[in-house]
Amino acid sequence: MLNRIRIVLVQTYHPGNIGASARAMKTMGLSDLVLVAPRQFPDEEATRLAAGATDLLDDCRVVDSLSEAIGDCVQVIGASARLRSLPLPCYHAPNRMAAELWQRLPEGPVAIVFGRERYGLTNEEISHCTHQLNIPANPDYGVLNLSQAVQIVAYETFRQSRTEEAAQQPPRANGPYPTVEQLEYFYDHLHRALDSAGFLTQPHAKTEAHLRALFARAEPSRKELSILRGVLNALESRNPSE
C-alpha cells in the first residue's frame, strides 16, 4: 500500500530539497515521487542529498502542472503551514491523516502535495485538493523545511502501515471513490449547468468554491457522482435555453 502514496513537490526552488525529500521518502518505504515544474532538475545537489535514494530521483516523474500529477488519485491532500479561506476538510494532525488515508488506498493512489519553499501552495492549487494538512509546530517559529515536512508525513504513513489495525482495515463501505480527474469532469459539468440556469450571477460570492468544498466534505462515491451527473443532465434537458 505504501507504493500507492504519492509525494508531489510543486515548483521546488532548491534542487537539494528534492534530493533530501527523496531520502526522507525512501527511509519510510515510499517510492512514488512526482515533481511539478521544478526550477532545476536533474541537478548534482539533488543527487548528493538523496544519498542512497537516487533511484527515486531516477524513477520520478516530472510534469508541467499539478493536474497532471494528481489526475488518477482518489484523494489529494495539500500540506500548508496556514489554512486557506477555502473551507476544505483539514487534518490538523499527520497521524489522523495517515489513518484515514489508509482507508482510501485500496481504491487507488493518494497524493500528498507540498508547495514552494517560500510561500507553499497557492489558493488555486489548494482548490484542486480534496483535503488540507496542517502540521502542528511551535507557534512562535513553526517554519518547517520542505524535506522535514515530507519526513514527518512519510513517517506517519509508515507507522500506520506497521499497525495491525491498518493491515486489517477494510475499505470504506462508501467506495469506490472517483479519481480527481473524474471529479473535475463533474465540476465542469456543474459549472455549465449552473451557468446555463443563470445561477452564477455574483462571481464575488465564490459559489463554485463553496460547492467544491461541500462535495469534498461529502466524499461522494463513483456511483453517487454518476447519479449527480445524471441529475445535471436531466436539468439541462429541461432548460429551454439548451
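The shown structure was predicted, so the numbers you read here are calculated from the model rather than taken from an experiment.

Draft legend 1. Representation of the packing of helix α9 (residues 180-196) against helix α11 (residues 222-237) in the model. One way to put it is that α9 packs onto α11 with a least axis distance of 10 Å and a crossing angle of 20°. In terms of axis orientation, α9 runs roughly parallel to α11. Here α9 runs over α11; the crossing is left-handed. On α11, the residues that touch Gln182, Leu183, Tyr185, Phe186, His189, Leu190, Arg192 and Ala193 of α9 are Arg222, Leu225, Leu228, Arg229, Leu232, Asn233 and Glu236. For the contact of α9 with α11, a count of residues per class yields eight nonpolar, three polar and four charged.

Draft legend 2. How the structure looks around helix α10 (residues 207-218). With 12 residues, α10 should cover 16 Å at 1.5 Å per step; its first-to-last C-alpha distance of 17 Å lies within 8% of that length. Taken residue by residue, α10 has Arg212, Ala213, Phe215 and Ala216 as its buried positions. One face of α10 carries all of its buried residues, which in axial projection span an arc of 165°. Considering only its buried residues, α10 is in contact with α6 (123-127), α9 and α11. Glu219 occupies a position one or two residues after α10 and carries a positive phi of about 50°.

Draft legend 3. Main features of the packing of aromatic side chains. Throughout the structure, instances matching the rule amount to two aromatic pairs. Look at Phe186 and Tyr187: their rings are 5.6 Å apart centre to centre, the planes differ by 50°, and that puts the pair in the tilted class. Accessibility classification places Phe186 together with Tyr187 in one group, the buried group. Ring geometry for Phe186 and Phe215: centres 5.0 Å apart, planes at 85°, overall edge-to-face. With Phe186 in helix α9 and Phe215 in helix α10, the pair connects residues that are 29 residues apart, well separated along the chain. Here the aromatic residues Phe186, Tyr187 and Phe215 are joined through ring pairs into a cluster of three or more.

Rules used throughout
Residues numbered from 1 in each chain as written. Predicted model: local features only at pLDDT ≥ 70, side-chain atom pairs only at ≥ 80, totals over all residues. Heavy atoms only, no water. Axes fitted to C-alpha atoms, helices over the stretch in contact; angles between N-to-C directions. Helix = DSSP H or I, 4+ residues; strand = E, 2+ residues; numbered from the N terminus. Parallel < 35°, antiparallel > 145°, perpendicular 65-115°, else oblique. Left-handed = near helix turned anticlockwise from the far one by under 90°. Contact = heavy atoms within 4.5 Å. Nonpolar A, V, L, I, M, F, W, Y, C, P; charged D, E, K, R; others polar. Expected span 1.5 Å × (residues − 1). Buried < 20%, exposed > 50% of the residue type's maximum accessible area, 1.4 Å probe, protein only. Arc of directions from axis to C-beta. Phe/Tyr/Trp six-rings, centres within 6.5 Å; stacked < 30°, edge-to-face > 60°.

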